[in-house]
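# Structural overview for review
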Amino acid sequence: MLLSCDPQQVHLVPSQFVTVCTKFTAAAIAIKSPISAVAPLQAAVCALQPSITHFTPLHAELLKVCLLSKCYSAAKQTLSMELLHVDKDATLVTPRDLLLYHYYAGMVYTGLKQYRQAVQHFVLCVSAPTHVLNTIMLEAYKKCLLCSLIDTGEVPKLPKYTSPTITRPIKNTLQPYTEFSDAFTAGKHAELKTALEKHASVFTTDHNLGLAKQCVSALMRRSIRTLTETYLTLSLEAIAEMTALPTAAAAEKQVRDMIASGQIHATIDGTKGMVHFNERAEQYDSKATLLQMEGAMDHVIGLATKLHELLGSLAVDQNYLSRVAAQEGQPQWEEEAMLSK
């Protein structure tokens, strides 16, 4: 039973253990009960990890069954762990496992509508070192693009070290996504809806139609927020016309929803059909804001400390130094050629 596996015994036969867990996951999915694999895989991950900061091949398996069962609470618990160590010998983790982990993590955060965190994981997937074109990375970029449009209204900026092997296909072969994002960033509502209808079959095949539809709503909300920066008072009819909403009533509903969620600050004069935009009341001088800032600072200091420790360990790691000196720019994983499969 995976729930009661002995870590000492697991570390004696890690390959067989990973195989058993993978087949167990496949069986749970085959009988349409992925949720039954969540708790056993959580125990299996802990048994295989040399420490709580180690990646394992089972992390991706766990996130996969969490996604399929929509058990996001278990996924968030896993994602809250700071996984910093990749030890191929101890856990048999491969580059494909890491790509899948970040891809599934991005999908979990997308399901939770936490688009900024989703983009961060998708970018980690897309920017991983590679010399071969990988389907996982391309699919991650598609979702990354749509999540970034929803979150920031902009195309995601990939790190400079992202391999040309992946950036060239992004520019040359993802034409439907490029056309869609160009219409979004230009703020052209009609062209965006046209692009959505034109490429609906592509988005459906990629399982991204829902995200694409959310981009249409996101552009409308972004347009309304832009109006708050330009006008003090505006009629509901004008708002509907400027944001491609069908009627003044639809504009009123959208404005009310945005006020209720704190996205804009405004008051609606229903009798006159006017919207009065107000300045944000928050002065960022409350106790809650101070506590939030202190928590963020503590988190940053903790990350900086861990980064310093990792850099220190690399500086004296002879295997790492010799590899960098002798194989700079070469694949560091013998399985890397398998990534495209």
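Please refer to the structure placed before this passage.
Residues numbered from 1 in each chain as written. Predicted model: local features only at pLDDT ≥ 70, side-chain atom pairs only at ≥ 80, totals over all residues. Heavy atoms only, no water.

### Describing the side chain of H199
Topologically, H199 is positioned in the loop between α12 (189–198) and α13 (200–205). When its relative accessible area of 6% is taken as the criterion, H199 is described as buried. For H199, the residues in contact, after removing those within four places along its chain, are Q175, P176 and E179. (Helix = DSSP H or I, 4+ residues; strand = E, 2+ residues; numbered from the N terminus. Buried < 20%, exposed > 50% of the residue type's maximum accessible area, 1.4 Å probe, protein only. Contact = heavy atoms within 4.5 Å.)

### Considerations on unusual backbone geometry
Phi is positive for K70, close to 55°, though the residue is something other than glycine. Looking at the secondary structure, you find K70 in the loop between α4 (57–69) and α5 (72–79). For K70, a relative accessible area of 61% corresponds to the exposed category. Of note, the phi angle at L92 is positive, near 65°, even though the residue is not glycine. Of note, L92 is situated in the loop between α6 (88–91) and α7 (95–111).

### Considerations on the pairing of strand β2 (residues 266–269)
Bridge count between β2 and strand β3 (residues 274–277): four bridges; the pairing is antiparallel. What sits directly across from I268, in β3, is V275. Linking two consecutive strands that pair antiparallel, namely β2 and β3, is a turn of four residues; a positive phi of about 70° is found at G273 within it. (Pairing = 2+ DSSP bridges.)

### What about α4?
Within α4, eleven of the 13 residues are buried, which leaves it mostly tucked inside the rest of the structure. Residues of α4 that are buried: P57, L58, H59, A60, E61, L62, L63, V65, C66, L67 and S69. For α4, the elements touching its buried residues are α2 (14–30), α3 (38–48), α5, α6 and α7. Of the residues that open α4, the one with a side-chain oxygen 3.1 Å from the backbone nitrogen of L58 is T56. Once α4 ends, the next one or two residues include K70, with phi positive near 55°. (Polar contact = N/O pair within 3.5 Å; in protein donor to acceptor, adjacent residues only side chain to side chain.)

### Section: the nonpolar core
Among the nonpolar cores identified, the biggest contains 72 residues, and F17, L58 and F180 are the most heavily contacted of them. It is helix α9 (residues 135–152) that provides the largest number of residues to this core, a total of eleven residues. When neighbours within four sequence positions are excluded, L58 is seen to be in contact with F17, V18, C21, A44, V45 and L48. Within the second largest apolar cluster, 16 residues are counted, among which are L227, A240, V255 and F277. (Core = buried A, V, L, I, M, F, W, Y, C linked by side-chain atoms within 4.5 Å.)

### Brief notes about the packing of α2 against α4
Put simply, α2 and α4 touch, their axes get as near as 10 Å, and they point 10° apart. With respect to each other, α2 and α4 are oriented roughly parallel. Judged by residue contacts, F17, V18, C21, T22, T25 and I29 of α2 engage P57, L58, E61, K64, V65 and L68 from α4. (Axes fitted to C-alpha atoms, helices over the stretch in contact; angles between N-to-C directions. Parallel < 35°, antiparallel > 145°, perpendicular 65-115°, else oblique.)

### Let's talk about the environment of I170
When you line up the elements, I170 lands in helix α10 (residues 164–173). When the C-alpha atoms of I170 and S127 are compared, they prove to be 12 Å apart, with 43 residues separating the residues in sequence. When residues no more than four places from it in sequence are discounted, the contact partners of I170 are V126, L138, Y141, L158 and T178.

### Some details on the packing of aromatic side chains
Under the definition given, this model contains five aromatic pairs. Through a chain of ring-to-ring contacts, three or more aromatic side chains come together here, namely Y103, Y104 and F122. (Phe/Tyr/Trp six-rings, centres within 6.5 Å; stacked < 30°, edge-to-face > 60°.)

### So, the sheet that holds β2
Pairing is antiparallel in the open sheet, where three strands are placed in the order β1-β3-β2. The open sheet has two free edges, formed respectively by β1 (233–235) and β2, since each of these has just one partner strand. The sheet shows a mean angle of 20° between the axes of neighbouring strands, taken without regard to direction. Here helix α16 (residues 248–260) sits on the sheet and contacts β2 and β3; the angle it forms with β2, its principal contact strand, is near 145°.

### Notes on the state of the cysteines
All chains considered together, the criterion is met by zero disulfides. C46 carries a free sulfur, and the closest cysteine sulfur to it, the one in C5, is 8.8 Å from it. Relative accessible area serves as the criterion here: at 57%, C46 is assigned to the exposed category. Summary of cysteine pairing: C71 is not part of a disulfide, and the nearest cysteine sulfur, belonging to C66, is at 5.2 Å. Classification of C71 by relative accessible area gives buried; the value is 18%. (Disulfide = S-S within 2.5 Å.)

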